Structure formats: structure tokens, C-alpha cells
Amino acid sequence: MSKLILLFLALIPLLCSSFSPETPSDRRVLVLLDDFALKSSHSLFFNSLKSRGFDLHFHLADDPKIALQRYGQYLFDALILFSPTIERFGGSVDAAAILDFVDSGHDLVVAADSNASDLIREIATECGVDFDEDPAALVVDHSGYAVSATEGDHTLIASDDFIKSDVILGSKKIEAPVLFQGIGHSLNPTNSLVLKVLSASPSAFSANPKSKVTTPPSLTGSSISLVSVIQARNNARILISGSLSMFSNRFFRSGVQKAGSPIKHEKSGNEQFLNELSKWVFHERGHLKAVNVQHHKVGEANEPAIYRINDNLEYSVEVYEWSGSAWEPYVADDVQVQFYMMSPYVLKTLSTDGKGRYFTSFKVPDVYGVFQFKVEYEKLGYTSLSLAKQIPVRPFRHNEYERFIPAAYPYYGAAFSMMAGFFVFTAVHLYSK
């Protein structure tokens, strides 16, 4: 019995180290590999994650002891699949378990390759990404290939068609093209959550480079995505790449010159591209939180239990962004609040003090019922915010109406004049008797 207690106590730190919105990048990452040799051949990428505070746990993808959760609690906060050839995961891990992992709010990185298994393709498809159905197909580009001593079949591509988003790829421009060698994919048009972050050039196509192309390729031009990302509605983030080689030390350190360009870069853009992209995937950038939601009548400080129609009120909320090490004020001019009952009766853009606080004031509409203060904030690359606070609104009580209406003063005057005339007439009549 004492041994069981000691074992349970030893497991407590593992079960309690799950993702915390307060420290989004203080996380444990499971890395599943086809071969342990990848630890050294891709060490620059892994070392970048370790230097930023991530705790990496390496296992072979078919290890019978691997598990994503234990006793109903997840042991890891992110999963990296560098195992494109795996046909069946070991332990309790399978495609359904990985998708449940994402559905529970955890992050995922998937690197496929020219020999990607049906299992890896299935996971990608469930995330809204469809790899070329031809298992022998590679992305070929006879105009945008990387110049080398042996040009070969032009499957080594130098791509610089990046997504235009500072929050996803950082504010520093990626000067050198990214080396890519692998399979292309398309995005499911019904999935609005998938984004291309690295696209092929208009001259690219997907086909078997070792055979003659006799039919039009299914994937062509800039519609081919080389690297894509997904931010789920629960704010889990996914990265899917068609190349495992692009994460390798060889591609990180290799010089690159794009065909047709006179500029030769001593180092490819792979390291900068993937390090910046991994910061976004692992919530070191673009992760928002909202705190201190407040509302009250103008001139008061306490939140009331109910408002009256036509009350003047103030609403405020604080929004911060995680920088990788601390929470910093999030500054934007597009945060809005709705005063909502079935439909928005009031829609106001919040002002900001530049220190994270957003605020506005407005008059309660002349409609009574149960309202909500709602903030629904969605912006490319940022985690979404969904805030709702319910408050009832009542009409005037019988003793709260104004006794005199300013617009009716002329009528009041006429009535008083008639009454005064009546009293004068009565007095004169009585006096005359």
C-alpha cells in the first residue's frame, strides 16, 4: 500500500502541469519520432524550443508505453509528430486520441513527407488539410526551384510566398527564401479556420517527378500550400507541413538562391520562419486574455443588480497579450461591445488608454428585459475572446415618471390661465351678491 501511495505522489507533478492560460508557454511537449536519429538531425529546431522554456519528451512513435493522458488528465500540452511513415502509433495513441487532444485545447505540429502514411494523411484531413492523393507526388517547380550544384528534378523549392501577418510570423521580415522538399496540400474550402502560411509559386505543380506527366496535375500553382496553420474555435493551434526536411539542420544552415534571382543568401529562411511560426503555434504570440470586466452607472463605482431604461452607464474591460514571458497590454482600435437582447440594441467601439484598458459609455435603450454585455473579438492570428455578462433592465416605476413634461408647458399654461379666470369670475360673482 505504501508503494502505491508513493507512486501516486510521484505522478502528481505530471498530472498538474497542464496548460495554464496564465502561463501559456510553460508547457510539456511530447515529440513522437520515426527514428531517434531525428533528435540530432533536427536538433536546431528542438534546441530553439528548449531555449524558450519548453520541456520536450522524445519517444518513438510506435513505443508501446506512450500515452497522452492518465487518470483522465492530459500529461502533455502539445504534441509534435515527426513520424511521417508511422502506420500505427504505440500505446493508447491513435488518430482519435490525437483529435481529442486538440479538441481539449492542446496544440499539434504535424510534419509529413513524400512517404507519408495513411494515418498521417487522415489526421491532416480531419484538420482541414488534404495532401495530394498520389503517394508518389512531390511539389515540382521549374521556375522557383533552389539553385544547386545538382539541380536534379527541381523538387527542392525556394519559396518566399509568406502570409502577411506580423502576429503569425513576427514583425521582422524574412529576407531569405525557405527551402522545401516534400508533398503539397490543398485547404478544405468548407473549413474557414485553415490558413496558408507558405504557398508555392504560380509555376509549381504536384506530380511524380520520376514519371512523365500525362494528365493535368490535381494541385497546381499558388493554390498549393506547403505549410498551413489552423486555429480551432477552442483556440488550440495546429501546424501542418508537407516536409519534414524543412525542419532539419541541413536546411537551416544551407545557403539558398532562388532560380532567376541574382541574390544568393548564405543561409536559408527556414530557421527564422519555423522559429517564429512555432512561437505562434505554442501561444508565445497572439494569445489574449480579458480580465476586470466592469459596468456601472455613470458617477457610481459599484455594479448594480439591475438597470433602469435610459440610465447612463459605463463599461470597461482589460485585454492583455502574452509575450512569451509576461502579459503585456494589448492595443487595438477594433474591440467592440454589444448591449444585446435577441439582437444588439447598442454596438460601441471601445476606446483604449494604451495600457490594456478598454472602455465606453452609453445610455440604456428604452426597452426593458434581460440584456447581455457581449464582447466577441476575432482577429487573424489572435486567440478569440468571448465575454458575456447578463443584466436585467426595468421600466420606470409609477413614482419615477416626470410630473411635468417640458414639451407640454404651453398647455399647462393655458390650463392654469383657464383655472385662474374661473376663480376670478367666481370671486367677482360672489362679491357682487
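The structure contained in this document is the topic of the report that follows. As the structure is a computational prediction, the values presented were derived from the model and not from experiment. (Residues numbered from 1 in each chain as written. Predicted model: local features only at pLDDT ≥ 70, side-chain atom pairs only at ≥ 80, totals over all residues. Heavy atoms only, no water.)

What follows is about unusual backbone geometry. The phi dihedral of His154 falls on the positive side, at around 65 degrees, and the residue is not glycine. A positive phi angle, near 65 degrees, is found at His283, a position not held by glycine. Structurally, His283 can be placed in the loop between helix H8 (270-281) and strand S17 (287-297). (Helix = DSSP H or I, 4+ residues; strand = E, 2+ residues; numbered from the N terminus.)

Strand direction decides the pairing type here: strand S18 (residues 307-308) and strand S26 (residues 385-394), joined by two bridges, are parallel. By the bridge assignment, Arg308 is partnered in S26 with Arg394. As paired strands, strand S25 (residues 369-377) and S26 are joined by nine bridges and run antiparallel to one another. Across the sheet, the residue bridging to Gly369 is Val393, located in S26. (Pairing = 2+ DSSP bridges.)

Let us now look at the packing of aromatic side chains. Under the definition given, this model contains 18 aromatic pairs. On the basis of an interplanar angle of 55 degrees and a centroid distance of 5.5 Å, the ring pair of Phe339 and Phe362 is categorised as tilted. In this pair, Phe339 sits in strand S21 (residues 336-341) while Phe362 sits in strand S24 (residues 357-363), placing the two residues 23 residues apart along the sequence. Phe339 gets classed as buried once you look at its relative accessible area, which sits at 0%. Among the aromatic side chains, those forming a connected cluster through ring pairs are Tyr315, Phe339, Tyr345, Phe362, Phe371 and Phe373. Stacked on the ring of Tyr340, the Lys or Arg Lys374 has its end atom at 4.2 Å from the ring centre. (Phe/Tyr/Trp six-rings, centres within 6.5 Å; stacked < 30°, edge-to-face > 60°. Buried < 20%, exposed > 50% of the residue type's maximum accessible area, 1.4 Å probe, protein only. Lys NZ or Arg CZ within 6 Å of the ring centre and 35° of its normal.)

Okay, the pairing of strand S13 (residues 194-199) next. Relative to S13, strand S10 (residues 161-162) runs antiparallel, the two sharing two bridges. Bridge pairing in S13 places Asp161 opposite Ser199. Strand direction decides the pairing type here: S13 and strand S15 (residues 225-231), joined by five bridges, are antiparallel. For Leu198, the partnering residue across the bridge sits in S15 and is Val227.

Right, let's talk about the packing of helix H4 (residues 95-103) against helix H5 (residues 118-126) for a bit. Relative to each other, H4 and H5 sit at 30 degrees, their axes nearing to 10 Å. Judged on the interaxial angle alone, H5 and H4 are roughly parallel. When the axes of H4 and H5 are compared, the crossing they make is right-handed. Two secondary-structure elements touch here, H4 through Ala95, Ile98 and Leu99 and H5 through Leu119, Glu122, Ile123 and Glu126. Within the contact of H4 with H5, the residues separate by chemical class into five nonpolar, no polar and two charged. (Axes fitted to C-alpha atoms, helices over the stretch in contact; angles between N-to-C directions. Parallel < 35°, antiparallel > 145°, perpendicular 65-115°, else oblique. Left-handed = near helix turned anticlockwise from the far one by under 90°. Contact = heavy atoms within 4.5 Å. Nonpolar A, V, L, I, M, F, W, Y, C, P; charged D, E, K, R; others polar.)

The subject of this paragraph is a negative patch on the surface. On the surface, Glu87, Asp94, Asp100, Asp103, Asp118, Glu122 and Glu126 cluster together to form a negatively charged patch. Every element with two or more residues in the negative patch is listed here: H4 and H5. Along the chain, Glu87 turns up in the loop between strand S5 (78-82) and H4. Look at Glu87 and you get exposed, because its relative accessible area is 57%. (Patch = residues over 30% accessible without salt bridge, like charges linked within 9 Å, V, L, I, M, F, W, Y side chains within 5 Å. Areas by Shrake-Rupley, 256 points an atom, 1.4 Å probe, with all protein chains shown as cover. Salt bridge = Lys/Arg side-chain N within 4 Å of Asp/Glu carboxyl O. Lys, Arg positive; Asp, Glu negative; His and termini not counted. Charge placed at Lys NZ, Arg CZ, Asp CG, Glu CD.)

All right, on to H5 then. The set of residues buried in H5 consists of Leu119, Ile120, Arg121, Ile123 and Ala124. Elements that come into contact with the buried residues of H5 comprise S5, H4, strand S6 (107-111), strand S7 (129-131) and strand S16 (237-241). The positive-phi residue at the C-terminal boundary of H5 is Gly128, with phi of around 100 degrees.

A word on the nonpolar core. If you look at the biggest cluster of nonpolar residues, it comprises 78 residues, and the most contacted ones within it are Phe82, Met246 and Phe273. It is H8 that contributes the most residues to this core, five residues altogether. Aside from chain neighbours lying at most four places away, what touches Met246 is Val178, Leu179, Phe180, Leu198, Val227, Ser241, Phe251, Phe252, Asn270, Phe273 and Leu274. Formed by 38 residues, the second largest nonpolar core is a distinct cluster that contains Phe89, Ala95, Val110 and Ile230. (Core = buried A, V, L, I, M, F, W, Y, C linked by side-chain atoms within 4.5 Å.)

Glancing now at the sheet that holds S25. Here five strands make up an open sheet; going across it, the order is S18-S26-S25-S21-S22 and the pairing mixed. A strand with exactly one partner marks an edge of an open sheet, and here the two such strands are S18 and strand S22 (343-349).

Now for H8. Over its twelve residues, H8 runs 16 Å from end to end, which matches the ideal 16 Å to within 8%, given 1.5 Å per residue. The buried fraction of H8 is high, at nine of twelve residues. Taken together, the buried positions of H8 are occupied by Asn270, Phe273, Leu274, Asn275, Glu276, Leu277, Ser278, Trp280 and Val281. Where H8 terminates, the next one or two residues include His283, which has phi positive at roughly 65 degrees. (Expected span 1.5 Å × (residues − 1).)

Going through the model one piece at a time under the given rule, you end up with eleven salt bridges. When the shortest N-O distance is used, the salt bridge between Arg308 and Asp311 registers 3.8 Å. Overall, the relative accessible area of 24% leaves Arg308 in the partly exposed class. Lys379 is the salt-bridge partner of Asp334, the closest N and O atoms lying 3.7 Å from each other. One end of the pair, Asp334, is in the loop between strand S20 (327-329) and S21; the other, Lys379, is in the loop between S25 and S26, and 45 residues separate them in sequence. The class of Asp334 is partly exposed, set by a relative accessible area of 31%. Residues joined by salt bridges that share partners form a network here, namely Glu276, Lys279 and Arg285.

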